[in-house]
Amino acid sequence: MATIASAETNETTERARSPGFRLAPWAASYLQATPLILILGFFFILPIAMIAVVSFWDYDFAGLYPDFLTMNYTETLGSWVTWKTYLNTLKFTVIVWALTVFIGFWVAYFLAFHIRRTSTQMILFLVCTVPFMTSNIIRMISWIPVLGRNGLVNSALIQMGIIPQPIEWLLYSDFAVVLAMVHLYTLFMVTPIFNTLMRIDRSLFEAARDAGASGWQILWNVVIPLAKPGIAIGSIFVVTLVMADFSTVQVMSGGQSASVALMMKNQMSLLQYPAAAANAVVLLIVVLMMVAAILRVVDIRKEL
């Protein structure tokens, strides 16, 4: 009887100690991610799905008509104007990306390796971010009195006798568009590269010098390979921003140039929402392909 009572007592104790309900590890992970999935689904996936649905609708000057037509895609992809606009947008993207990589890397390199004190680094980095506390439109329009026919640049060059008459292509041209975009988006390249360079172990430089490497060899074989994740992250920011920019192209080109985003903006102003939605879907696919190409070249998981 004592043995039976002891066994019952042990069984009751084990039941009290064992939890009543336990989730599997995979189920617990999905449960923890559910709030984020709901937020992203409502604010990100749902709007994109709505754009994709509207891109198949029919329309006229009177309104929109739910349907399933491929007319918007055939007109978009079958027009030489669309292809020319995409090529023009890609031209801006490549030029701005190359310039921001070059400028952003050297600015980040200077802040990371030539400024010794951390406080000075932070102060100079904040100085770089001060212009971004104002609107993009204000910073973009501020180039007009500088590059205009009677602006600061032309006036200074004429007074110094370098040019006999104002340079026309400084403003309302592709040059002005690229200059404004580089000004607007360089910080998006500086920040991730600076963050990556600050993580590099300085003892690697000493080891490279002990092995007989020169300064340029250290830069090419040590610094740049370790900075690739930051360059890739900055490239994703710059590429997506330039591909989606329409205000800079419209203002700085004076209506003489075009981009895909500006084309969609004009379509929406004419109430051609399904055509604009089809253009948006095509643009999204192109941007995702460009981002996928960047991720194939550089593994940014090292940075995350």
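Please read all numbers here as calculations on a predicted model, not as lab measurements.

Asks: Would you take a moment to explain the packing of aromatic side chains for this structure?
Replies: The geometry of an aromatic ring pair is captured by two quantities: the separation of the ring centres and the angle between the planes. By the definition in use, this model includes twelve aromatic pairs. When the ring of W106 is compared with that of Y109, the centres are 5.6 Å apart and the planes differ by 75°; the resulting orientation is edge-to-face. Placement of both W106 and Y109 in helix α4 (residues 80-114) is noted, with a separation of three residues, approximately one turn of the helix. Aromatic side chains W106 and W216 sit 6.5 Å apart centroid to centroid with 75° between the ring planes, which places their arrangement in the edge-to-face category. In this pair, W106 is assigned in helix α4 and W216 in helix α12 (residues 215-243), connecting sequence segments 110 residues apart. The class of W106 is partly exposed, set by a relative accessible area of 34%.

Asks: Help me understand the confidence of the model for the chain, please; the structure alone is not making it clear to me.
Replies: Fine structural detail should not be taken from predicted coordinates in areas where pLDDT scores are low. Per-residue pLDDT for the chain has a mean of 84; in total, 92% of the residues score no lower than 70. Predicted confidence for residues 1-5 stays below pLDDT 50, and this span has zero contacts to residues more than four positions away or in other chains. Confidence over residues 13-18 falls short of pLDDT 50; this stretch has zero contacts with residues more than four positions distant or in other chains.

Asks: Whenever I open this one, the nonpolar core confuses me. Can you help?
Replies: A general tendency of soluble globular proteins is for nonpolar side chains to be buried together. Membership of the largest hydrophobic core comes to 44 residues, with the highest contact counts inside it found for F113, M181, L197 and V223. Take this core: its biggest share by element is nine residues, from α4. Once residues within four sequence positions are removed from consideration, M181 is found in contact with F92, V96, V242, D245, T248 and V249. Judged by nonpolar contacts, the second largest core, of 21 residues, contains A232, M243, L283 and I300.

Asks: Is there a simple way to think about the packing of α4 against helix α10 (residues 187-198) in this case?
Replies: To describe two helices that pack against each other, one gives the angle between their axes and the distance between the axes. Relative to each other, α4 and α10 sit at 40°, their axes nearing to 8 Å. Taken together, the axis directions place α4 and α10 in an arrangement best described as oblique. With respect to the hand of their crossing, α4 and α10 are arranged in right-handed fashion. Only M189, V190, I193, F194, L197 and M198 of α10 make contact with α4, whose side of the interface consists of W97, T100, V101, G104, F105, V107, A108, Y109, L111, A112 and F113.

Asks: Help me understand the packing of α12 against helix α15 (residues 273-297), please; the structure alone is not making it clear to me.
Replies: For the pair α12 and α15, the least separation of the axes is 10 Å and the interaxial angle reads 165°. Here α12 is positioned roughly antiparallel relative to α15, judged by the angle of their axes. Viewed along their axes, α12 and α15 form a crossing whose handedness is right-handed. Across the interface between the two elements, A232, S235, I236, V239, T240 and M243 from α12 touch L283, V286, V287, M290, V291, I294 and L295 from α15. Of the residues in the contact of α12 with α15, the class split is eleven nonpolar, two polar and no charged.

Asks: It is not clear to me how the side chain of N154 should be interpreted in this structure. Could you clarify?
Replies: Within the secondary structure, N154 is located in helix α8 (residues 152-159). Within the structure, N154 has its side chain in polar contact with the backbone oxygen of G148 (distance 2.8 Å). Residues in contact with N154, not counting those within four places in the same chain, are L147, G148, R149, I163, P166, I167 and L170.

The rules behind each value
Residues numbered from 1 in each chain as written. Predicted model: local features only at pLDDT ≥ 70, side-chain atom pairs only at ≥ 80, totals over all residues. Heavy atoms only, no water. Phe/Tyr/Trp six-rings, centres within 6.5 Å; stacked < 30°, edge-to-face > 60°. Helix = DSSP H or I, 4+ residues; strand = E, 2+ residues; numbered from the N terminus. Buried < 20%, exposed > 50% of the residue type's maximum accessible area, 1.4 Å probe, protein only. pLDDT = per-residue confidence, 0-100. Contact = heavy atoms within 4.5 Å. Core = buried A, V, L, I, M, F, W, Y, C linked by side-chain atoms within 4.5 Å. Axes fitted to C-alpha atoms, helices over the stretch in contact; angles between N-to-C directions. Parallel < 35°, antiparallel > 145°, perpendicular 65-115°, else oblique. Left-handed = near helix turned anticlockwise from the far one by under 90°. Nonpolar A, V, L, I, M, F, W, Y, C, P; charged D, E, K, R; others polar. Polar contact = N/O pair within 3.5 Å; in protein donor to acceptor, adjacent residues only side chain to side chain.

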